[in-house]
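Overview (structure and organization)
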Amino acid sequence: MSEFFPTETFSKRLATVRDIAAQAGLDGVIVTPGPDMEYLISSKITTHERFTALVLTQDAARIIVPGVDVADLKKSVAGKLGVEIIGWNDGEDPYGYITEGSYAVSGAMTADHLLELQSRGISTVNATQVLAQAFIRKDDEELSELRRASAAIDAVHRQVPNLLRAGVTENDVAKELERLILEEHEVVDFIIVGSGPHGADPHHDHSDRVIESGDVVVVDIGGTLASGYHSDCTRTYVVGEPTDEQQKIYDVLQRAQEAGLEFAKPGVTAGEVDKVVRDIIEEAGYGEYFIHRTGHGIGLSCHEEPFIIAGNDFVIEEGMAFSIEPGIYIPGQWGARIEDIVIVASKNVEPINKTPHELVRVG
């Protein structure tokens, strides 16, 4: 990730996190490997069960790491930032480098390490909430990468009509989608090809089911760029012509998704966005078939805050990025979903997926 962003970007992020921790009355922040560490020091280090942590206090920045990984870290952004790198060897006590106090701890920390720290008098709170404004509001470099990611997955969706037709299996389509995603991304995150009754299962992936004429097909795909930022986009297709009932339900779904895009803006809450979308589907009589949240944040994690879900009082702010993706799922018959990633601007949201929202006829 360091090859994409300048070192100064990470210096600013560390300073911001320090300020937020101080304002929250905390002694520091403890971040273990995962998206938070990648965000702060551009490290994708994985040390399995061995304790590894970036510890930020007002006076110091240090990373406690197994000795076998010290050399690589010294060459990384951490070394350029002047972060103190403390190596420890098997049989030694890595936790002793953290002084007693109150810390925000990243959600990626596993229970064995968390419980050990707590047993030593270290008070912990969830960093996901405390540091939300640092991680959730994307800087310009991040927004640029999210736009690139969305353009990449749009390029794949534009090829889907060439893949879907009666007589091929979901697995056939998924295999081609994997190839296409890797042409645009570094990694395939997921591929959902839900045809006919499989489309009524929001987390179906793909199978040997043969796609038939008249099938509605949900295609939800995502990947990761070399920079670590994710794409995620869902479109719904129909092989041949939809029935009147299918088109009627899909029109409700499209209207609900568009209402969410129109309503979402700085100052409203995530829960209010969910309600606007959900109300339209419920008023049309399909509320029981909308069985998941309206959306999720995206960045270095594919799913992160803000979660666009009923009851979430999290206030949307400029610079955030999240999905708006209502779905209607008729059990045993078919389903449909429309998903765009949006970036919050000063007065509205900008959808950064650009392919059409209509029920696309294929085959």
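Just so it is clear, the model here is predicted, and its values are computed rather than measured.

A word on the overall build of the protein. In terms of helices and strands, the protein carries 11 helices and 17 strands. For 363 residues, the compact-globule estimate of 2.2 N^0.38 gives 21 Å, and the protein sits close to it at 23 Å. Here the protein, with 363 residues, has 55% of them falling under the buried criterion. Carbon and sulfur atoms provide 48% of the accessible area of the protein, an area that totals close to 15,300 Å². In the protein, 30 positive and 60 negative side-chain charges are present, and the distance between their average locations comes to 4 Å.

Quick look at unusual backbone geometry now. The linkage connecting E305 with the following residue, P306, adopts the cis geometry, with an omega of 0 degrees. Positionally, P306 belongs in strand β11 (residues 304–308).

Glancing now at the UniProt feature "domain: Creatinase N-terminal" (unreviewed entry) in the protein. The positions that UniProt labels "domain: Creatinase N-terminal" (unreviewed entry) are, in the present scheme, residues 13–101. Across residues 13–101, helical content stands at 31% and strand content at 24%; the span's end C-alpha atoms are separated by 22 Å.

Right, let's talk about the pairing of strand β8 (residues 216–224) for a bit. Counting buried positions over the 9 residues of β8 gives 9, a clear majority of the element. Relative to β8, strand β7 (residues 187–195) is paired through 8 bridges, and the arrangement is antiparallel. Residue S195 lies in a different strand from β8, and its bridge partner there is V217. Where β8 meets strand β9 (residues 233–239), 6 bridges bridge the pair, whose relative direction is antiparallel. Bridged to V217 within β9 is Y237.

Sites flagged by UniProt as "domain: Peptidase M24" (unreviewed entry) map to residues 145–344. Across residues 145–344 one finds 31% helix and 25% strand; the C-alpha atoms that close the span lie 15 Å apart.

The next subject is the pairing of β11. With 4 of 5 residues buried, β11 lies mostly within the body of the structure. Taken together, the 2 bridges between strand β10 (residues 295–297) and β11 define a ladder with antiparallel strand orientation. Bridging across to β11, G295 finds its partner in I308.

Take the sheet that holds strand β5 (residues 101–105) next. In sheet architecture, strand pairing relies on hydrogen bonds along the backbone and comes in two forms, parallel and antiparallel. Taken in spatial order, the 6 strands of this open sheet run β4-β3-β2-β1-β5-β6, and their pairing is mixed. At either end of the open sheet lies a strand with only one pairing partner, and these are β4 (84–88) and β6 (122–126). Here the strands of the sheet are splayed against their neighbours by 25 degrees on average, with no regard to which way each runs. In this structure, strand β1 (residues 28–31) lies alongside β5, joined through 3 bridges in parallel fashion. The residue of β5 that forms the bridge with G28 is Y103. Its contacts with the sheet put helix α1 (residues 7–23) on β1, β2 (53–57) and β3 (61–66), and the angle it makes with β2 is roughly 60 degrees.

Counting 40 residues, the largest nonpolar core has V29, L40, I41, L54 and I63 as the members making the most contacts within it. For this core, the element with the most residues is α1, which contributes 5 residues. There are two domains that each give this core at least three residues, and those are domain 1 (7–135) and domain 2 (137–361). When residues no more than four places from it in sequence are discounted, the contact partners of I63 are M37, I41, A53, L54, L73, V83, E84, I85 and I86. Of all hydrophobic cores here, the second largest spans 21 residues; its members include L163, I191, I211 and V217.

Before going further, it helps to examine the side chain of T294. Tracing the backbone shows T294 in the loop between α11 (270–283) and β10. The buried category is assigned to T294, whose relative accessible area is 0%. Within the structure, T294 has its side chain in polar contact with the side chain of D274 (distance 2.8 Å). Excluding residues within four positions of it along the chain, T294 makes contact with D274, V277, R278, I308, S323, I324, E325 and P326.

With that settled, the discussion passes to the packing of aromatic side chains. Working definition: an aromatic ring pair is given by the centre-to-centre distance plus the angle between the planes. Inspection of the entire model under this criterion finds 4 aromatic pairs. Plain terms: the ring middles of F5 and F10 are 6.4 Å apart, the flat faces sit at 45 degrees to each other, and that makes the pair tilted. Residue F5 is classed as buried on the basis of its relative accessible area of 4%. The class for F10 is buried, based on a relative accessible area of 0%. Linked through ring pairs, F5, F10 and Y229 together constitute an aromatic cluster. For K265, the ring lying beneath its charged end belongs to F263, and the centroid distance is 5.0 Å. Against the face of F290 rests R278, its NZ or CZ located 4.0 Å from the ring centre.

Cut-offs applied
- Residues numbered from 1 in each chain as written.
- Predicted model: local features only at pLDDT ≥ 70, side-chain atom pairs only at ≥ 80, totals over all residues.
- Heavy atoms only, no water.
- Helix = DSSP H or I, 4+ residues; strand = E, 2+ residues; numbered from the N terminus.
- Rg over C-alpha atoms; globule rule 2.2 N^0.38 Å.
- Buried < 20%, exposed > 50% of the residue type's maximum accessible area, 1.4 Å probe, protein only.
- Areas by Shrake-Rupley, 256 points an atom, 1.4 Å probe, with all protein chains shown as cover.
- Lys, Arg positive; Asp, Glu negative; His and termini not counted.
- Charge placed at Lys NZ, Arg CZ, Asp CG, Glu CD.
- UniProt positions renumbered as here; feature names shortened; annotations may be inferred.
- Pairing = 2+ DSSP bridges.
- Axes fitted to C-alpha atoms, helices over the stretch in contact; angles between N-to-C directions.
- Contact = heavy atoms within 4.5 Å.
- Core = buried A, V, L, I, M, F, W, Y, C linked by side-chain atoms within 4.5 Å.
- Domains from an automatic or database assignment.
- Polar contact = N/O pair within 3.5 Å; in protein donor to acceptor, adjacent residues only side chain to side chain.
- Phe/Tyr/Trp six-rings, centres within 6.5 Å; stacked < 30°, edge-to-face > 60°.
- Lys NZ or Arg CZ within 6 Å of the ring centre and 35° of its normal.

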